[in-house]
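# Secondary and tertiary structure notes
Below are the chains, spelled out letter by letter.
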Amino acid sequence: MKTDNINFEQALRELELIVRNLENGQTALDDSLENFENGIKLIKRCNSLLDAAEKKVKRLTRAETGEIIEEDFTP
């Protein structure tokens, strides 16, 4: 499964489908393993996209002088 070009919402939908398929227990072992591997790829894609979004988030604060300053967000 190629995950490089899908957005967060698409990856999450695919991941939800995989989880449902694995939870129902009706899938053959080989297919379950393939689904699991694809799920891991999708999780990595989601984490990568979330990390990139977090880096873009800025925090606005007020300096002692009253001026509003923009800082990088750090959790």
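Keep in mind the model is a prediction, meaning the values are calculated, not measured.

Per-residue confidence for the protein gives a mean pLDDT of 88; residues scoring 70 or more make up 97%. Across the protein, the element-wise mean pLDDT spans from 75 in strand β1 (residues 58-62) up to 95 in helix α1 (residues 8-24).

As a further point, take the packing of α1 against helix α2 (residues 29-56). For the pair α1 and α2, interaxial distance at closest approach is 9 Å and the crossing angle is 150 degrees. When the axes of α1 and α2 are compared, the pair comes out roughly antiparallel. Our pair here, α1 against α2, has a crossing hand that is left-handed. Taking contact as the criterion, the partners of Phe8, Ala11, Leu12, Glu14, Leu15, Ile18, Asn21 and Leu22 in α1 are, on α2, Ser32, Asn35, Phe36, Asn38, Gly39, Leu42, Ile43, Arg45, Cys46, Leu49 and Leu50. Among the residues making up the contact of α1 with α2, the classes are represented as 12 nonpolar, 5 polar and 2 charged.

Here α2 spans 41 Å end to end across 28 residues, near enough to the 40 Å set by a 1.5 Å rise per residue. Within α2, the full set of buried residues consists of Ser32, Asn35, Asn38, Gly39, Leu42, Arg45 and Cys46. Those residues of α2 that are buried are in contact with α1.

The rules behind these values
Here the residue numbering is sequential within each chain, running from 1 through the sequence in written order. Two thresholds apply to this predicted model, a pLDDT of at least 70 for residue-level local features and 80 or more for giving and counting side-chain atom pairs, whereas whole-chain, interface and lining totals are computed over all residues. The basis for every side-chain value is the complete set of heavy atoms in the structure, and neither hydrogens nor water enter the calculation. Per-residue confidence from the predictor is reported as pLDDT, which spans 0 to 100. We count a stretch as a helix when DSSP gives it H or I for four or more residues in a row; a strand needs E for two or more, and each element gets its number in order from the N terminus. Axis lines are fitted to C-alpha atoms, over the contacting stretch for helices. Their N-to-C directions set the angle, which ranges from 0 to 180 degrees. Angle categories are assigned with fixed cut-offs, so that under 35 degrees is roughly parallel, over 145 is roughly antiparallel, 65 to 115 is roughly perpendicular, and the rest are oblique. Crossing handedness follows the turn of the near helix against the far one: under a right angle anticlockwise gives a left-handed crossing, and clockwise gives a right-handed one. Residues count as neighbours in contact if any of their non-hydrogen atoms are within 4.5 Å of one another. By the convention adopted, Pro, Cys, Tyr, Trp, Phe, Met, Ile, Leu, Val and Ala count as nonpolar, Lys, Arg, Asp and Glu as charged, and the other residues, Gly among them, as polar. Any helix carries an expected span of 1.5 Å times its number of residues minus one. When accessible area is computed with a 1.4 Å probe and restricted to protein chains, residues below 20% of their type maximum are described as buried, those above 50% as exposed, and intermediate ones as partly exposed.

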